[in-house]
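# Descriptive analysis of the structure
Residues per chain, in single letters:
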Amino acid sequence: KAGVTQTPRYLIKTRGQQVTLSCSPISGHRSVSWYQQTPGQGLQFLFEYFSETQRNKGNFPGRFSGRQFSNSRSEMNVSTLELGDSALYLCASSANAVNTGELFFGEGSRLTVL
Amino acid sequence: KNEVEQSPQNLTAQEGEFITINCSYSVGISALHWLQQHPGGGIVSLFMLSSGKKKHGRLIATINIQEKHSSLHITASHPRDSAVYICAAGVGGGADGLTFGKGTHLIIQP
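In this report, we go over the structure that sits alongside the text.

Definitions and limits used
Residues numbered from 1 in each chain as written. Chains lettered and ligands numbered in written order. Predicted model: local features only at pLDDT ≥ 70, side-chain atom pairs only at ≥ 80, totals over all residues. Heavy atoms only, no water. Helix = DSSP H or I, 4+ residues; strand = E, 2+ residues; numbered from the N terminus. Buried < 20%, exposed > 50% of the residue type's maximum accessible area, 1.4 Å probe, protein only. Contact = heavy atoms within 4.5 Å. Pairing = 2+ DSSP bridges. Buried area = accessible area lost by both parts, 1.4 Å probe. Salt bridge = Lys/Arg side-chain N within 4 Å of Asp/Glu carboxyl O.

### Things to note about the side chain of A:Gln36
All names here are of chain A. Of note, Gln36 is situated in strand 4 (residues 31-38). Residue Gln36 is classed as buried on the basis of its relative accessible area, which comes to 5%. Sequence-distant contacts of Gln36, that is, excluding residues within four places in its chain, are made with Gly42, Leu43, Gln44, Leu46, Phe60, Phe64, Gly84, Asp85, Ala87, Leu88 and Tyr89.

See below:
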């Protein structure tokens with residue numbers, strides 16, 4: 001069974017640009033959740049999508065958005081990038097919601113904002 | 001708003017020692033996750049608990065719902081157990097997703 005795939009693995013952007021990250025969940029999983037990890041703040045929950053609907057959202061500005069497609073693949077977008085957005089962005093898939101199902105994480109997308 | 005506290009932040013132990021990592025949270029939850037992250041590596045889910053105790057190999061996780069506390073134990077620790085261990089709490093039906101502890105950086109010396 002293929003694992004969770006995130007693309008791209010590494011990317012460098014400049015302030016003011018926007019970025020789109022992709023996450024392909026394990027086949028059959030309907031929940032995809034996104035997380036930001038930084039040395040200072042640790043892991044923080046961004047949002048969760050379940051069957052194409054956003055179920056939960058963390059405390060992040062509106063510049064962070066996401067969506068889920070009918071095949072459960074998900075994308076997250078960050079607009080008007082700031083230096084502080086430099087982080088490892090992780091997604092996780094689950095058969096059930098994050099509050100009730102085991103999580104399977106991707107390797108992450110490491111974003112550097114210059 | 002749920003708050004999750006982990007202790008200790010850092011732990012260095014000798015191979016073979018019994019390890020305990022603690023996690024406390026402030027509001028009732030529906031599930032608690034224990035995660036493992038190796039340096040430069042991805043995150044692996046070790047356990048998801050809503051009550052009681054779970055065991056997998058040398059790892060044991062317990063949760064006390066009344067005391068809002070969970071522990072992760074490692075028996076017969078080994079250098080390959082060196083990693084960051086993170087707990088994450090989820091509130092049932094809540095809109096906040098998961099709240100994470102800051103992690104415990106564990107080093108097992110041979």
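Having seen the structure, we can now continue with the description.
### Comments concerning the pairing of strand 9 (residues 83-90) of chain B
Looking along a regular strand, one sees side chains alternate from face to face of the sheet. Residue and element names in this part refer to chain B. Strand 9 sits mainly inside the fold: seven of its eight residues count as buried. For strand 4 (residues 31-37) and strand 9, the ladder comprises seven bridges, and the chain directions are antiparallel. From the neighbouring strand, Trp34 faces strand 9, where its bridge partner is Cys87. Sheet analysis places strand 9 next to strand 11 (residues 104-109), joined by three bridges and oriented antiparallel. When the bridges of strand 11 are listed, Tyr85 appears paired with Thr104. Sheet analysis places strand 9 next to strand 10 (residues 98-100), joined by three bridges and oriented antiparallel. Among the inter-strand pairings, Ala89 is bridged to a residue of strand 10, identified as Thr99.

### Some remarks on the environment of B:Pro110
Looking at where B:Pro110 falls in the secondary structure, it is placed in the segment after strand 11. Residue contacts for B:Pro110: discarding those within four places in its chain leaves B:Gln14, B:Glu15 and B:Pro79.

### Structural notes on the interface of chain A and chain B
The partner chain B presents 21 residues to the 19 residues of chain A that form the contact. At the boundary of chain A with chain B, total buried surface from both sides reaches about 1500 Å², with 54% on carbon and sulfur atoms. Among the residues of chain A in contact with chain B, A:Leu43, A:Asn99 and A:Phe105 are the three that bury the most area, contributing 38% of the side total. On inspection of chain A and its partner chain B, the count reaches zero salt bridges.

### Overview of the pairing of strand 11 (residues 109-113) of chain A
All names here are of chain A. Burial along strand 11 is one-sided: the face carrying Ser109, Leu111 and Val113 is buried and the face carrying Arg110 and Thr112 is not. Sheet topology places strand 2 (residues 10-13) next to strand 11; four bridges connect them, and they run parallel. Note on strand 11: the bridge partner recorded for Ile12 is Thr112. Inspection of the sheet shows strand 9 (residues 87-94) paired to strand 11 by three bridges, in the antiparallel sense. Across the sheet, residue Ala87 finds its bridge partner in strand 11, namely Leu111.

### A word on unusual backbone geometry
With an omega dihedral of -10 degrees, the bond running from A:Thr7 to A:Pro8 counts as a cis peptide bond. For the peptide bond that leads from B:Ser7 to B:Pro8, omega is -10 degrees, which places it in the cis range. The residue B:Pro8 is located in the loop between strand 1 (4-7) and strand 2 (10-14) in this model. Backbone geometry at A:Ser72 places phi at a positive 75 degrees, although glycine is not the residue there. For A:Ser72, the position within the fold is in the loop between strand 7 (64-68) and strand 8 (74-78). For B:Ala76, which is not a glycine, the phi torsion comes out positive at approximately 45 degrees. On the secondary structure map, B:Ala76 appears in the loop between strand 8 (69-74) and strand 9.

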